Amino acid sequence: MIVAFSVSPLGESDGVAEAVAKAVQVVRESGLPNETNAMFTLIEGEWDDVMAVVKRATEVVQAEAPRVSLVLKADIRPGHTGELTGKVDRLEQHLR
């Protein structure tokens, strides 16, 4: 499965980068395939593994703020791996 998620503190200040960086660090330390862009962090793996990382990432942000926003989108496709890059590769083939 691939999960795209965004976790951010609410109610503390205008800057969220420090708290978000702590969440991204949790993802990177997980060892699961991942990437981060300006809007979301994507992570690929088995359901329980991915959701455990999302939970830990949310908890580190929660430690920084009284309120947290979590947005999550999942592509659940059993039996498929390597789709974090595979989907993009197939798209690029069509663009050539």
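Here, every reference points to the structure presented above.
Residues numbered from 1 in each chain as written. Predicted model: local features only at pLDDT ≥ 70, side-chain atom pairs only at ≥ 80, totals over all residues. Heavy atoms only, no water.

Engineer: I tried to follow the overall build of the protein on my own but got confused; where do I start?
Structural biologist: Scanning the protein from N- to C-terminus turns up three helices and four strands. Listing every helix and strand of the protein by position from the N terminus yields β-α-β-β-α-β-α. Overall size of the protein, expressed as C-alpha extent along the three principal axes, is 45 × 30 × 20 Å. The proportion of buried residues among the 96 residues of the protein is 30%. In the protein, of all internal contacts separated by at least 6 residues, the share reaching a separation of at least 24 is 68%. As displayed, the protein offers around 6400 Å² of accessible surface, 52% of which is attributable to carbon and sulfur atoms. (Helix = DSSP H or I, 4+ residues; strand = E, 2+ residues; numbered from the N terminus. Buried < 20%, exposed > 50% of the residue type's maximum accessible area, 1.4 Å probe, protein only. Contact = heavy atoms within 4.5 Å. Areas by Shrake-Rupley, 256 points an atom, 1.4 Å probe, with all protein chains shown as cover.)

Engineer: In this structure, what is going on with the layout of surface pockets? I would like to understand it.
Structural biologist: To find leftover empty space, a probe the size of one water molecule is rolled over the atoms. By volume, the largest pocket is sized at about 190 Å³. Taken together, 13 residues make up the lining of the largest pocket; nearest its centre are Met1, Gly45, Glu46, Arg77 and His80. (1 Å grid on protein atoms, 1.4 Å probe; cavity = no way out; pocket = protein on both sides within 12 Å on 5 of 7 lines; lining within 4 Å. Points joined across faces, edges and corners; volume = space filled by probe spheres on them.)

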